[in-house]
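Results of the structural survey
Residues per chain are reported as follows:
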Amino acid sequence: MEIGKNKKTHIKNMRYEDFKDNEYLEKYVEELRQGGVPVALGKLSDIINWGRSNSVWPLTFATSCCGIEFMCVGGAHYDFARFGWEVYRNSPRQADVIFVFGTIVHKMAPVLKRLYDQMAEPKYVVAVGSCAISGGPFKNSYHVAQGVDQIIPVDVYVPGCPPRPDAILYGMMQLERKIKVQNFFKLPQQPEVKESVTPVENEAQYEAKTDK
Amino acid sequence: MKQKLTNRFGWINENNIVENDGRLTVTVAPDKLTEVAAFLKECGYDFLVDMVGMDYGDSLGVIDYVARGADTSDLIALKTSVPDREHPLIPTVSGVWRVAQIYEREVHDYFGIRFIGNNDMRRLFLRESWKGYPLRKDYDADPNINPLPLENEPIADMDTIPVYGIDADGKETVTYRPMYGDDDYVVNIGPQHPATHGVLHLRVALDGEIVRSVDPHFGYIHRGIEKMCEGYTYPQILHLTDRLDYLSGIMNRHAFCLCCEKALQMDVPERAVVIRTIFDELTRIASHLIGWGSICNDMGAITAFMYGLRDREKIMDIFEETAGGRLMAAYDVIGGVASDLHPNFRRRVKEFIPYMRKMLHEHHLLFSANPIATGRMKGVGHLSLEQAIALGITGPSGRASGWKNDLRKAEPYAAYGKVDFDEVLRQDGMTFDRYIIRLDEIEQSLRIIEQLIDNIPEGPYAEKVKGVIKLPEGDFFQRVENARGQFGVHITSRGDKTPYRVKFRSPSMVLVEALKDVAPGGKVADLIMLGGSFDYVIPCIDR
Ligand code: SF4
């Protein structure tokens, strides 16, 4: 049995037609529902998603200018707490989403990758600002990554230099919609981690790295 | 000074000392550099403002800008160069000016010049494995040579610090010294850490809770702005200046415009001058509010941070109305400002002034007198006046140690000569002084705006400039007082529509360097407070 073939996500106080990129989302829903979804699990997943999408915890991560707009969104005037996003986490292990604010340069790229790897599944990435999308004003530079999607997969892009706080909020809502249509039980699971690493193995790994 | 130099050094003549625009430029051979530097310091030039690396094509060189600590407007440029591009060796001046140590590392990173005797010649921004020196004119920017890395560079081997020397035949020698002892306990703070105010990486050696030494690592947001400037026209570069120290973006842009206008000998309409001054001061208030908020945030008082942001939003609204942008107002242009004032501007600013005064009072009541806050800030993080000058710590942080260095007073630019305000000074140089001085400066900024807002002259808001701006040949240097200290712009022009070399003096860089001198002996928790009270902006350092 199939449910929700034409399912539209609902965001409070915002009409479905007012969002852009609806076709993308609809196609995504279609893809997700291809094999059909069992009723009970589907409903359960909806309930879980409702909870998840209304309490997304971002990682405090900002490298440059766009980070100031992030602080403004967190501030009293724009206040993303209205959407349940207010708890910034300083540790990637407790965060659900990483907002990449600012330019990512060669020296920072491995750090960003590691932060992403440390986050628990399910995890999301939002690239905010033209720097994070493509290198932006610094595209010609010798030391700037041409967009974070070269390093980690991105869910939502928010253009602007810097994007206005309203644009960042809009990007957050788009992510919320994406979370809502996903099937929670089919999300990627955490890769299996070996329980313990012996000092010898650890050393060998380190040597292999340094030799490279 | 010219007389003194020629008297002291017989070999100095008309060829290697020129005066233009009231500024002396002394050109010396590398082997004479240290003595001249030492003599300049004897004469009171104890503040090394900036060091600019240069690639002249046939030779590599550096320009040191030095000023007198007692009067920071008194500037001398000291130039030297070496023809050898394979092994460029220049003696260090870090023995004379303490802060030269870090400036020389930067020049080394960009140009590959080795400074003999500098005891730390690691690269500053780029990875040790980076191939080539990016600011040389013959640098090959092919991305295949330096691909995007996805693995961290192991930092362990960075504990061996190269030191360059010279042997009896004039050949270059390298020796390595260790950074840490075997029993040092080293902790990494950053690059992703909420208390470093950006992507700064501090390697801190600890003895229990006491800091033994701090070693800052930069470059996690090195965007190569200076190299990019060489390919852009002057109006295009303006957009990059905003993105250096984004909290004082308008002032940085102002500095670049002033530098170009000085070179073009262009007069800016009175109206634009006054508008620029008002915008600068509004930016300063906005920046200090964030600075103040983040000190409190570091102490755990998130409320203060929210209050700071709330008041800052009012300024952002004013900017947005007139300039169209919030954080990046993109308002100053060469010859004036980009657009005329919004009709609401005057009313909004006039409403803002009493509001801000009231809020300042509240901030003082809530935080400045709070026993928990004062307990954390009083009596820790002492920066002495001598240290401040040796490190070139300008701005509020330097003034908290009693150093008079406000360029708005020393070398009035824009409309600062016409307004009445105090240069706030404090004597103790503690974390608390750096905290309180920011709030006091907000009051002074309000005074400046108050005097100007009703006296904006009528007339055009910008001078007409040609479509293609070409600066005349020569070196130009201009400083302004931004929210963190003296921000400088150096432009070397060869008469083209793009500059030959652009260098920005970042006031934040020396603030991080100061952690090395100030933090040891204190607790780790005080190190965090120290960072908060210095209020550095990392992208400005890394450029
Ligand atoms: S997109 Fe613009 S504002 Fe954002 S980090 Fe890049 S340069 Fe700064």
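Cut-off values and rules
- Residues numbered from 1 in each chain as written.
- Chains lettered and ligands numbered in written order.
- Predicted model: local features only at pLDDT ≥ 70, side-chain atom pairs only at ≥ 80, totals over all residues.
- Heavy atoms only, no water.
- Contact = heavy atoms within 4.5 Å.
- Buried area = accessible area lost by both parts, 1.4 Å probe.
- Salt bridge = Lys/Arg side-chain N within 4 Å of Asp/Glu carboxyl O.
- Polar contact = N/O pair within 3.5 Å; in protein donor to acceptor, adjacent residues only side chain to side chain.
- Helix = DSSP H or I, 4+ residues; strand = E, 2+ residues; numbered from the N terminus.
- Nonpolar A, V, L, I, M, F, W, Y, C, P; charged D, E, K, R; others polar.
- Pairing = 2+ DSSP bridges.
- Axes fitted to C-alpha atoms, helices over the stretch in contact; angles between N-to-C directions.
- Parallel < 35°, antiparallel > 145°, perpendicular 65-115°, else oblique.
- Domains from an automatic or database assignment.
- Patch = residues over 30% accessible without salt bridge, like charges linked within 9 Å, V, L, I, M, F, W, Y side chains within 5 Å.
- Areas by Shrake-Rupley, 256 points an atom, 1.4 Å probe, with all protein chains shown as cover.
- Lys, Arg positive; Asp, Glu negative; His and termini not counted.
- Charge placed at Lys NZ, Arg CZ, Asp CG, Glu CD.
- Buried < 20%, exposed > 50% of the residue type's maximum accessible area, 1.4 Å probe, protein only.
- Near = heavy atom within 4 Å.
- 1 Å grid on protein atoms, 1.4 Å probe; cavity = no way out; pocket = protein on both sides within 12 Å on 5 of 7 lines; lining within 4 Å.
- Points joined across faces, edges and corners; volume = space filled by probe spheres on them.
- Phe/Tyr/Trp six-rings, centres within 6.5 Å; stacked < 30°, edge-to-face > 60°.
- Lys NZ or Arg CZ within 6 Å of the ring centre and 35° of its normal.
- pLDDT = per-residue confidence, 0-100.

Bringing the interface of chain B and chain A into the picture now. At the junction of the two partners, chain B supplies 48 residues and chain A supplies 46 residues. The largest per-residue losses of area from chain B upon contact with chain A belong to Leu148(B), Gln192(B) and Arg223(B), which jointly make up 16% of the total buried on that side. Between the two partners, chain B and chain A, sit two salt bridges. Counting across the interface, chain B meets chain A through 12 residue pairs in polar contact (both at pLDDT 80 or more). Within the residue set of the side of chain B that touches chain A, elements represented by two or more residues are α4 (225-229) and α8 (302-323) of chain B. Considering only residue class, the side of chain B that touches chain A consists of 33 nonpolar, six polar and nine charged.

What follows is about the sheet that holds strand β1 (residues 17-20) of chain B. All names here are of chain B. Overall, mixed pairing links the five strands, which are arranged β1-β2-β5-β4-β3 in an open sheet. The open sheet terminates on both sides in strands that have one partner only, identified here as β1 and β3 (47-55). With direction set aside, neighbouring strand axes in the sheet form an average angle of 20°. As paired strands, β3 and strand β4 (residues 60-67) are joined by eight bridges and run antiparallel to one another. Paired with Met-54 across the bridge in β4 is Gly-61. Strands in contact with helix α3 (residues 100-111) are β3 and β4; relative to β3, the strand with the most contacts, it is inclined by about 10°.

The next subject is the packing of helix α3 (residues 66-74) of chain A against helix α6 (residues 165-181) of chain A. All names here are of chain A. Between α3 and α6, whose axes approach to 9 Å, the crossing angle comes to 75°. Compared by their axis directions, α3 and α6 come out roughly perpendicular. Each of Glu-69, Cys-72 and Val-73 in α3 lies in contact with α6, whose residues at this interface are Pro-165, Ile-168, Leu-169 and Met-172. Class assignment of the residues belonging to the contact of α3 with α6 gives a composition of six nonpolar, no polar and one charged.

All names here are of chain B. Considered domain by domain, chain B is made up of domain 1 (2-140) and domain 2 (225-537). For domain 1 versus domain 2, the separation of C-alpha centres amounts to 27 Å. In this complex, domain 1 contributes 37 residues to the contact, which on the side of domain 2 involves 32 residues. Where domain 1 abuts domain 2, roughly 2,800 Å² becomes buried across the two surfaces, and 52% of that area is made up of carbon and sulfur atoms. Counting the contacts that link domain 1 with domain 2 gives six salt bridges. Run the count over domain 1 and domain 2 and you get 13 residue pairs in polar contact (both at pLDDT 80 or more). Taken together, the elements giving at least two residues each to the side of domain 1 that touches domain 2 come down to β3, β4, β5 (75-82) and α3.

The subject of this paragraph is a negative patch on the surface. All names here are of chain A. A cluster of acidic residues, Asp-21, Glu-23, Glu-26, Glu-30 and Glu-31, forms a negative patch on the protein surface. Along the chain, Glu-26 turns up in helix α1 (residues 22-32). When its relative accessible area of 36% is taken as the criterion, Glu-26 is described as partly exposed.

On to the site of the ligand. Neighbouring the ligand are 14 residues; Cys65(A), Cys66(A), Ser130(A), Cys131(A) and Cys161(A) lie closest to it. Looking at what sits near the ligand, you find residues from chains A and B. Tallied by class, the residues present in the shell around the ligand amount to seven nonpolar, six polar and one charged.

Space left empty within the atom packing is revealed by a probe, the size of a water molecule, rolled over the atoms. Applying the stated criterion across every chain yields a total of six cavities of 30 Å³ or more. In this model, the largest cavity occupies a volume close to 80 Å³. In terms of lining residues, the largest cavity is bounded by 15 residues, among which Cys65(A), Cys66(A), Cys131(A), Cys161(A) and Arg243(B) are the most central. Among the residues forming the lining of the largest cavity, the class breakdown is eight nonpolar, five polar and two charged. Space inside the second largest cavity adds up to approximately 70 Å³. Looking at the second largest cavity, the residues that line it are Tyr246(B), Leu247(B), Ser248(B), Gly249(B), Ile250(B), Thr283(B), Ala286(B), Arg312(B), Met316(B), Phe319(B), Arg326(B) and Leu327(B). Looking at which element gives the most residues to the lining of the second largest cavity, the answer is α8(B), with three residues. Of the residues that constitute the lining of the second largest cavity, the class distribution is seven nonpolar, three polar and two charged.

Time to look at the packing of aromatic side chains. Under the criterion given, the structure shown has 19 aromatic pairs over all chains. Each member of the aromatic cluster is reached from another via a ring pair, and the members are Phe70(A), Phe80(A), Phe99(A) and Phe101(A). One cation-aromatic arrangement involves Lys137(B) over Tyr500(B); the distance from NZ or CZ to the ring centre is 4.1 Å. The ring of Tyr500(B) carries the charged tip of Arg494(B) above its face, separated from the ring centre by 3.9 Å.

In this section: the environment of Gly75(A). All names here are of chain A. Tracing the backbone shows Gly-75 in the loop between α3 and β2 (97-101). On the accessibility criterion, Gly-75 (2% relative accessible area) is buried. It is 16 Å that separates the C-alpha atoms of Gly-75 and Phe-61, two residues lying 14 residues apart in sequence.

Right, let's talk about the sheet that holds strand β1 (residues 58-59) of chain A for a bit. Residue and element names in this part refer to chain A. Spatially, four strands are ordered β1-β2-β3-β4 in an open sheet, and the strand pairing comes out parallel. Edge strands, defined here as strands with exactly one partner in the open sheet, are β1 and β4 (156-158). Across two bridges, the pairing between β1 and β2 is parallel. Considered in β2, the bridge of Leu-59 is made with Ile-98.

This next bit is on the confidence of the model for chain B. Residues and elements named next belong to chain B. Overall, the predicted model of chain B reaches an average pLDDT of 85, with 99% of residues at or above 70. The lowest-confidence element of chain B is helix α1 (residues 2-8), averaging 74 in pLDDT; the highest-confidence one is strand β17 (residues 501-505), averaging 90. Of the two predicted TM-score estimates for the complex, the pTM is 0.87 and the ipTM is 0.83.

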